[in-house]
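Structure assessment
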Amino acid sequence: MTALRPFRADHVGSLLRTGTLKAAREATLAGRMSLAELQEVEDQEIAALVAKQEAIGLHSVTDGEFRRAYWHFDFLERLPGVSSEAGDSGMNFKGGVGVPKTLRINDRVGYAAHPMVGHFRYLATRARQTPKMTIPGPSMLHYRGGRKMMAPGLYPDMDEFYADVGRAYAGAVADMYAAGCRYLQLDDISFAYLCDPAQREMLRERGDDPDRQPGIYAGMVATALAEKPADLLITMHLCRGNFRSTFIASGGYEPVAEVLFNAMPVDGYFMEWDTDRAGGFEPLRFLPKGKTVVLGLVTSKTGTLESKDDIKRRIEEAAKFAPLDQLCLSPQCGFASTQEGNTLAEEEQWRKLEMIVEVAREVWGTAA
């Protein structure tokens, strides 16, 4: 990595699960395949996935979140004090689509050795380019359900909860770094949801203040990154929902832009701008020197390939509000935030990523 920033051509992380992987998961659930056998299949599919990312010219590679069912639950439910169960997730996507799983906080939140550290270690053994690990941001343990997720009386002072979660994440960051991770992404999509008037009203109705939550969530990340090593790149991904090509929220970034860019102690931001639901680029005027925004101009929700000229024009529009050198390009979200994936074909996914590499080389002279 030549600079502490995302790459000019980058991607959010999750990728469509292959048919081989889906079949292995189904066989495991049916009792026809052991967990050890499933891991062997995961290993093989991830190795091939990494090679494909590198072959098309990407300089950051992920495991596609191939070992997960959900981008967030699989991490959060392995924190001490947290469990999951069937129930209303609080994720009600447009069209009435919902996720029938929810989290419960039964004890003080802590940190213990996490299996995803091992997931990173395997990724690193297969990567020639920079391996990137993705985990949900700390706000995701609060935003969906707030107090209703918590055992009664567990956290009479919510500041104690926020501090515990921040410290738990500090443990995860330290372990990832010790395992060799130098590129860690926090998927902290609550900031984009806080731009939607309906979501803000939801928070008010349950007793949270939508004007205070951005600062609170930034404080959790600050606790998590208080001991961040200088050579660890931390990015944050924001989107408005991504499940089977549906979404939840709408609204431009203006309500959160100042806090997002100035109080959130990260190096870069992956931000959704593939539709007018995300508003214009004007909030980029708050971007300080030394930070980077990865423009999510290519949608992961459909297989229709964008025009390279259209993408270049949108980059030019964004560069009116932030220096071109502080901008990069990526899809607006992952292609498979859950194991079901979005409604496009694998070939369409790869063509979009190839096009992003091509545009980056034409705009910045490099995909790195």
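Residues numbered from 1 in each chain as written. Predicted model: local features only at pLDDT ≥ 70, side-chain atom pairs only at ≥ 80, totals over all residues. Heavy atoms only, no water.

1. Examining the pattern of salt bridges
Two side chains of opposite charge can pair, provided their charged atoms sit close to one another. Evaluation of the coordinates by the stated rule reveals 24 salt bridges. Among the salt bridges present, the one from arginine 108 reaches glutamate 160, with a minimum N-O distance of 3.5 Å. Of the two residues, arginine 108 is situated in the loop between β5 (101-105) and α4 (115-126) and glutamate 160 in helix α5 (residues 158-178); the sequence distance between them amounts to 52 residues. For lysine 352, the salt bridge identified is with glutamate 306, shortest N-O distance 3.0 Å. Note that lysine 352 is positioned in helix α11 (residues 346-364) and glutamate 306 in the loop between β11 (292-298) and α10 (308-318), a separation of 46 residues in sequence. The exposure class of lysine 352 is buried, given its relative accessible area of 0%. (Salt bridge = Lys/Arg side-chain N within 4 Å of Asp/Glu carboxyl O. Helix = DSSP H or I, 4+ residues; strand = E, 2+ residues; numbered from the N terminus. Buried < 20%, exposed > 50% of the residue type's maximum accessible area, 1.4 Å probe, protein only.)

2. A short note on the packing of aromatic side chains
Taken as a whole and assessed by the stated rule, the structure comprises nine aromatic pairs. Aromatic rings pair up to connect Tyr155, Phe161 and Tyr162 into one cluster. When the ring centre of tyrosine 177 is taken as origin, the NZ or CZ atom of arginine 182, which lies over that ring, is 3.6 Å away. The ring of tyrosine 143 carries the charged tip of arginine 206 above its face, separated from the ring centre by 5.9 Å. (Phe/Tyr/Trp six-rings, centres within 6.5 Å; stacked < 30°, edge-to-face > 60°. Lys NZ or Arg CZ within 6 Å of the ring centre and 35° of its normal.)

3. Remarks on helix α7 (residues 197-206)
Every α-helix winds through 3.6 residues per turn, so residues three or four apart in the chain are directed the same way. Of the residues making up α7, those classed as buried are Gln199, Arg200 and Leu203. Seen from one end, α7 has its buried residues packed into an arc of 100°, which puts them on one side. Turned more than 90 degrees from where α7 packs its buried face, Pro197, Ala198 and Glu205 sit exposed. In the core, the buried residues of α7 are packed alongside α6 (190-193) and α8 (213-224). In this structure aspartate 196 caps α7, since a side-chain oxygen of it lies 2.8 Å from the backbone nitrogen of alanine 198. Positive backbone phi, at 105°, marks glycine 207, one or two positions downstream of α7. (Arc of directions from axis to C-beta. Contact = heavy atoms within 4.5 Å. Polar contact = N/O pair within 3.5 Å; in protein donor to acceptor, adjacent residues only side chain to side chain.)

4. Observations concerning α4
In a regular helix each residue adds 1.5 Å, so twelve residues correspond to 16 Å; α4 covers 18 Å between its end C-alpha atoms and thus fits that length. If you check which residues of α4 are buried, you get Met116, Val117, His119, Phe120, Tyr122 and Leu123. (Expected span 1.5 Å × (residues − 1).)

5. Concerning the pairing of strand β12 (residues 327-331)
Burial analysis of β12 places five of its five residues in the buried class, which makes it a mostly covered element. Note that β11 and β12 share five bridges and pair parallel. What sits directly across from valine 298, in β12, is proline 331. Handedness of the β11-α10-β12 crossover: right-handed. (Pairing = 2+ DSSP bridges. Right-handed = clockwise from strand over helix to strand, strands pointing away.)

6. Quick look at the sheet that holds strand β9 (residues 233-238)
Reading across the sheet, the six strands line up as β7-β8-β9-β10-β11-β12 and stay open at both edges, with parallel pairing between neighbours. Every other strand in the sheet has two partners, leaving β7 (133-136) and β12 as the edge strands with one partner each. For this sheet, the mean angle separating the axes of adjacent strands, direction not counted, is 25°. Taken together, the five bridges between strand β10 (residues 268-272) and β11 define a ladder with parallel strand orientation. Bridged to glycine 268 within β11 is threonine 292. Of the strands in this sheet, β11 and β12 touch α11, which is tilted by about 165° from β12. (Axes fitted to C-alpha atoms, helices over the stretch in contact; angles between N-to-C directions.)

7. Details of the state of the cysteines
Evaluation of the coordinates by the stated rule reveals zero disulfides. Here cysteine 328 is not disulfide-linked; the sulfur of cysteine 333 is the nearest cysteine sulfur, at 17 Å. Under the relative-accessibility criterion, cysteine 328 is labelled buried at 0%. Left without a disulfide partner, cysteine 333 is nearest to the cysteine sulfur of cysteine 239, which lies 3.7 Å away. (Disulfide = S-S within 2.5 Å.)

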